[in-house]
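In case you want the letters, here they are:
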Amino acid sequence: MSAGRLKIGVSACFFHADPQRPVFTNKTLQYVEQSIVHWVMSTGALAVMIPSPEGNTRKGDATLTDYAGWLDGLLLHGGADVWPGSYGEEPLQERWSGDRVRDEYETALVAAFTKVGKPVFGVCRGLQLLNVAFGGTLFQDIQTQRPEALQHRDATLYDQLFHELQFVPDTRLAALYPGVTHAKVNSVHHQAIKQLAPGFVVEAISPHDGMIEAVRKPGDGFVAAVQWHPEFHTHEWGTLDDAPILNDFLTAARAAQRP
């Protein structure tokens, strides 16, 4: 029976309408990447993609608030850059203009879920979106703005580019890994947190360049995120065991369920 299973909402990625695309010509596609939903489902939880209701020309009245009331938690996953206008900047290059439509949709999702006390967890872009949604800023491109930093993205290696991670002592994330100070994680991003959002704390960094790798908003509720992709980790690569992170999020989701 599935009545007792957690229902975790996963934000959608977008392929916007394109008259040149040979398949679904000029249609907008909303989708999820397979690994992220399989990561959620590995625990027995149900993963539910939350479609954006914007642009709905039909008569349905379902809203993001309805999804927030029905689901037990929200997972923001990777994808397009965040639009620099979200944090008061112009794109340094056109290719870093991001996806403003998705930004606004996910920001509204975060507001809907946090308003009703449901936990929110972000992965990669999800970390960046949360930081911006709560008043922080981003490096639009690490290589351009922090040329001394490690290489955090390699298109050829993709999810097999790794670097060292350092936990910040006395944080909730560090407490999930007692006795562990450093770990190995993948790195699939060219943008990163520049100015941390007010009220957030850093829970992990890249020790070689100080780039922020994990954050949390302490206090009531659960809002946390990691820069790496835990759903891509496999044991043969010697990467961090991400089960404690997922279980911590799902424990918060269980606690937020209505009696």
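Our subject is the structure that appears above.
Quick look at the structure, then.

Criteria and cut-off values
Here the residue index of a chain counts from 1 through its sequence in written order. The predicted nature of this model means local features are confined to residues of pLDDT at least 70 and side-chain atom pairs, given and counted, to a pLDDT of 80 or more, with totals for whole chains, interfaces and linings taken over all residues. For side-chain calculations, the full set of non-hydrogen atoms in the structure is used, while hydrogens and water are omitted. Salt bridge, as applied in this entry: a Lys or Arg side-chain nitrogen positioned within 4 Å of an Asp or Glu carboxyl oxygen. Per the convention used, a helix needs a DSSP run of H or I reaching at least four residues, while a strand needs a run of E reaching at least two, with both numbered from the N terminus. Buried, partly exposed and exposed residues are distinguished by accessible area as a fraction of the type maximum, computed with a 1.4 Å probe on protein chains only: under 20%, between the cut-offs, and over 50%, respectively. The arc refers to the directions leading from the helix axis to the C-beta atoms. The contact definition used throughout considers only heavy atoms, calling two residues in contact when any of these lie within 4.5 Å. As used in this structure description, the phrase polar contact means that two N or O atoms lie within 3.5 Å; if the pair is within protein, one of them must be able to donate a hydrogen and the other to accept it, and residues adjacent in sequence are counted only when both atoms belong to side chains. Using only the protein atoms, space was sampled on a 1 Å grid; points where a 1.4 Å probe fits but cannot get out form cavities, open sets with protein on both sides within 12 Å along at least five of seven lines form pockets, and lining residues are those with an atom within 4 Å of a point. Grid points are joined across faces, edges and corners, and a volume is the space filled by probe spheres set on the points. Three classes are used: nonpolar for Ala, Val, Leu, Ile, Met, Phe, Trp, Tyr, Cys and Pro, charged for Asp, Glu, Lys and Arg, and polar for all others, with Gly counted as polar.

A few points about the pattern of salt bridges
For the structure on display, the rule yields nine salt bridges. Residue Arg-172 pairs with Asp-248 through a salt bridge whose shortest N-O separation is 2.9 Å. Of this pair, Arg-172 sits in helix H6 (residues 172-175) while Asp-248 sits in helix H7 (residues 243-256), and the two are 76 residues apart along the sequence. With a relative accessible area of 39%, Arg-172 lands in the partly exposed category. Under the relative-accessibility criterion, Asp-248 is labelled buried at 10%. The network of salt bridges with common partners includes Arg-102, Asp-103, Glu-106 and Arg-125.

Overview of helix H1 (residues 34-41)
Three or more residues of H1 are buried, namely Ile-36, Val-37, Trp-39 and Val-40. Across the axial projection of H1, the buried residues extend over an arc of 150°, all falling on one side. Buried residues in H1 make contact with strand E1 (7-11), strand E4 (46-50), strand E5 (73-76), strand E6 (120-123) and H7. Taking the backbone nitrogen of Ser-35 as reference, a side-chain oxygen 2.9 Å away marks Glu-33 as the first, capping residue of H1.

Observations concerning empty space enclosed by the protein
For the structure shown, the criterion picks out one cavity of 30 Å³ or more. In terms of lining, the largest cavity is formed by 13 residues, of which the most central are Phe-121, Leu-173, Arg-216, Ala-224 and Ile-245. For the lining of the largest cavity, the residue count by class is 10 nonpolar, no polar and three charged.

These figures capture arrangement, not role.
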